[in-house]
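Here is how the chains run, residue by residue.
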Amino acid sequence: MKAVPLKPKFSVKYLKRVSLDEAIKNHPHFDKKLVEEEWHKVNPKAEPKK
Amino acid sequence: MSILNSAPCGVSNGNTGIGDCSFDPKNLVGGFLVPKSFVITAANLATKELALAALAPAASADLPAQRIYPLPLTLGMTNNSETPVKFSYGYGAQVTVRDGMYIFNQAYADGSLCISNQLMKFNGNRYNWIGLDAAGFLWGTKVGNDLAGIPLNEFYNNPFTPSDGTNPTGYSYDLSLNKNYLNQDIAFISLGLAQVQAIKGLQNIVPVQISAKAANTFTVRLQTGCGGSYSELYDLYATELADPANFKIVRASTGNEIDITSVAAVPNSKGFLFTMDATDTDYSAGADVILSGSTVSVLAGNDVVGFEIIAKTIVATV
């Protein structure tokens, strides 16, 4: 699916519950970097993805 | 003292001296349909401010069953009330058998067919009524020391009458009530016309599906209004509405909730793109879902004030 340049608001509860990979997999229609940024915002202690 | 075989005659006369100030009801300009359980309590009748603070939030109560519904501005009233019913004896003496019913036809124009159709949903006697007169007095009835809504024999919003080229399209509703409620049993308070008229009813937000459900996403427009005239809420609340907290999604076949993982405003279509959690056990790619809103207070907390989101089925294909 082609990425759409949108700025979604994510469910914080969801992002806290799932891994980064799961979050990215659930949102193939969004820019991967955006999903990463949002996930790290609510999981600040997690190590950045290499 | 016993009440056995006692038919109390009572002392029902009243003193007729007139003071400097008396309550003179003015013409009706509106009011509220209220749940039968709704009262402004004696404690909240202590001051005008407390009474308004009890009344205003009730118009946007989260639970529809606890909500009061403001009626549109009355532009004219036709009094169709019964005259007191009299009986004449054979020798000419006449007695009044009963007071007859008040039947008020209230004409309005605000909201036109949209409000007319909404008010038709109240036809019957499920709701009580609180009137508002032109001087800013609320009319209710006394229940103990509280002000309650007046029980109606019937609320009936009339089907509209089309314009004939000379007269405008006619919208009106009828109120039928026992006369005692506005006479010996009346409860009235002065809250100020502007303050009461500032209490507005909620508007519906209607989701309109604009794309087929693709995998775990779908797009809807969120519109308010009716009768062929819609406003896109994207234009007013794109940022505020794009928040998973405002919405709820359930699987249509089971009613089980599916997690919403994100909501994005889509400028090109003025729509909102919803993403569901594809790993949610209640999610199924081919299943229809129902999109509805969180409570009115949650929406208001996100600065979408005065709205309620109506449930809409989102089908797998459109």
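If you're wondering where the values come from, they're calculated on a predicted model, not measured in any experiment.

K.L.:
Which residues make up the nonpolar core, and what are the values?
P.N.:
All names here are of chain B. Formed by 27 residues in total, the largest nonpolar core has its most connected members in Phe218, Leu241, Phe247, Ile249, Phe272 and Phe274. For this core, the secondary-structure elements that each account for two or more residues are strand S15 (217–226), helix H4 (234–241), strand S17 (247–251), strand S19 (260–266), strand S20 (271–276), strand S21 (289–293) and strand S22 (307–309). When residues of this core are assigned to their parent elements, the largest contribution, 4 residues, is made by H4. With residues up to four places along the chain from it excluded, the contact list for Ile249 reads Phe218, Asn256, Glu257, Ile258, Ile260, Phe274, Met276, Val289, Ile290 and Leu291.

K.L.:
I'd love a proper account of the interface of chain B and chain A, names of residues and values included.
P.N.:
In this assembly, 20 residues from chain B lie in contact with 13 residues from chain A. Approximately 1200 Å² of surface area, both sides summed, lies buried where chain B meets chain A, with 55% of it carried by carbon and sulfur atoms. Run the count over chain B and chain A and you get 3 salt bridges. Here B:Asp277 and A:Arg17 are joined by a salt bridge, their closest N and O atoms 3.0 Å apart. Counting the contacts that link chain B with chain A gives 12 residue pairs in polar contact (both at pLDDT 80 or more). Of all elements in the fold, only S19 and S20 of chain B reach the threshold of two or more residues within the side of chain B that touches chain A. The element that contributes the greatest number of residues to the side of chain B that touches chain A is S19(B), accounting for 7 residues. Among the residues making up the side of chain B that touches chain A, the classes are represented as 12 nonpolar, 5 polar and 3 charged. Here 2 bridges tie strand S1 (residues 9–10) of chain A to S19(B), and the two strands are oriented antiparallel to one another.

K.L.:
How would you sum up the confidence of the model for chain B? Please name residues and give values.
P.N.:
Scored by pLDDT, chain B comes out at a mean of 93, with 97% of its residues at no less than 70. Overall fold confidence (pTM) sits at 0.88, and the ipTM for the predicted complex is 0.88.

K.L.:
Give a description of a nonpolar patch on the surface that names residues and reports values.
P.N.:
A surface patch of nonpolar side chains, about 380 Å² in accessible area, is lined by B:Phe87, B:Tyr89, B:Val95 and B:Val97. Relative accessible area serves as the criterion here: at 47%, B:Tyr89 is assigned to the partly exposed category.

K.L.:
Quick one: what's the story with the pairing of S15(B), residue by residue and with numbers?
P.N.:
All names here are of chain B. Taking burial as the measure, the 10 residues of S15 include 7 buried ones, the bulk of the element. Sheet analysis places strand S14 (residues 203–209) next to S15, joined by 4 bridges and oriented antiparallel. Note on S15: the bridge partner recorded for Val208 is Arg221. As judged from the 4 bridges shared by S15 and S20, these two strands associate in the antiparallel manner.

K.L.:
Mind laying out helix H1 (residues 48–55) of chain B, listing which residues take part and the relevant values?
P.N.:
Residue and element names in this part refer to chain B. Among all positions in H1, only Ala51, Leu52 and Leu55 are buried. In an axial view of H1, the angular spread of the buried residues amounts to 100°, which keeps them on one side of the axis. Next to the buried residues of H1 lie strand S1 (28–34), strand S2 (39–40), strand S9 (137–143), strand S13 (186–190) and helix H3 (193–197).

K.L.:
Which residues make up the environment of B:Val289, and what values do they have?
P.N.:
Residue and element names in this part refer to chain B. Relative to the helices and strands, Val289 resides in strand S21. Relative accessible area serves as the criterion here: at 1%, Val289 is assigned to the buried category. For the pair Val289 and Leu52, spaced 237 residues apart in sequence, the C-alpha separation works out to 40 Å.

K.L.:
Describe the sheet that holds strand S11 (residues 154–157) of chain B, with residues and values.
P.N.:
Residues and elements named next belong to chain B. Judged by pairing direction, the sheet is antiparallel, and its 4 strands sit side by side in the order S4-S7-S12-S11 without closing on themselves. Either end of the sheet is taken by a strand with one partner, and the two such strands are strand S4 (76–79) and S11. Across this sheet, the average inter-strand angle for adjacent strands is 20°, counted without regard to direction.

K.L.:
I'd love a proper account of the packing of aromatic side chains, names of residues and values included.
P.N.:
Residue and element names in this part refer to chain B. Taken as a whole, this structure holds 17 aromatic pairs over all chains when the rule is applied. Look at Phe122 and Tyr127: their rings are 5.1 Å apart centre to centre, the planes differ by 80°, and that puts the pair in the edge-to-face class. The residues Phe122 and Tyr127 share a single accessibility class, namely buried.

K.L.:
Outline the sheet that holds strand S18 (residues 257–258) of chain B, listing residues and values.
P.N.:
Residues and elements named next belong to chain B. Strand order across the open sheet formed by 4 strands is S18-S17-S21-S23, with antiparallel pairing between neighbours. The sheet terminates laterally at S18 and strand S23 (312–314), the two strands that pair on one side only. The pairing of S17 with S18 spans 2 bridges and is classified as antiparallel. Across the sheet, Val250 pairs through a bridge with Glu257, a residue of S18.

K.L.:
An account of the environment of A:Asp31 is needed here, citing residue identities and associated values.
P.N.:
All names here are of chain A. Take Asp31: it is sitting in the loop between helix H2 (20–26) and helix H3 (32–42). Residue class for Asp31 comes out partly exposed when judged on its relative accessible area of 42%. A C-alpha to C-alpha distance of 13 Å links Asp31 and Phe10, two positions 21 residues apart in sequence.

K.L.:
Describe the pattern of salt bridges, and please don't skip the residues or the numbers.
P.N.:
In a structure, side chains of opposite charge can pair up when their charged atoms sit close to one another. All told, the structure shown has 9 salt bridges over all chains when counted by the stated rule. B:Asp259 is the partner of A:Arg17 in a salt bridge, and the nearest nitrogen-oxygen pair spans 2.8 Å. Taken together, the residues A:Arg17 in helix H1 (residues 12–17) and B:Asp259 in the loop between S18 and S19 connect one chain to another. Classification of B:Asp259 as partly exposed rests on a relative accessible area of 29%. The closest approach of N and O atoms between B:Glu82 and B:Arg98, which form a salt bridge, is 3.2 Å. Note that B:Glu82 is positioned in the loop between S4 and strand S5 (85–88) and B:Arg98 in strand S6 (residues 94–98), a separation of 16 residues in sequence. Look at B:Arg98 and you get partly exposed, because its relative accessible area is 40%. Taken together, the salt bridges that share partners define one network made up of A:Arg17, B:Asp259 and B:Asp277.

Cut-off values and rules
Residues numbered from 1 in each chain as written. Chains lettered and ligands numbered in written order. Predicted model: local features only at pLDDT ≥ 70, side-chain atom pairs only at ≥ 80, totals over all residues. Heavy atoms only, no water. Core = buried A, V, L, I, M, F, W, Y, C linked by side-chain atoms within 4.5 Å. Buried < 20%, exposed > 50% of the residue type's maximum accessible area, 1.4 Å probe, protein only. Helix = DSSP H or I, 4+ residues; strand = E, 2+ residues; numbered from the N terminus. Contact = heavy atoms within 4.5 Å. Buried area = accessible area lost by both parts, 1.4 Å probe. Salt bridge = Lys/Arg side-chain N within 4 Å of Asp/Glu carboxyl O. Polar contact = N/O pair within 3.5 Å; in protein donor to acceptor, adjacent residues only side chain to side chain. Nonpolar A, V, L, I, M, F, W, Y, C, P; charged D, E, K, R; others polar. Pairing = 2+ DSSP bridges. pLDDT = per-residue confidence, 0-100. Patch = residues over 30% accessible without salt bridge, like charges linked within 9 Å, V, L, I, M, F, W, Y side chains within 5 Å. Areas by Shrake-Rupley, 256 points an atom, 1.4 Å probe, with all protein chains shown as cover. Arc of directions from axis to C-beta. Axes fitted to C-alpha atoms, helices over the stretch in contact; angles between N-to-C directions. Phe/Tyr/Trp six-rings, centres within 6.5 Å; stacked < 30°, edge-to-face > 60°.

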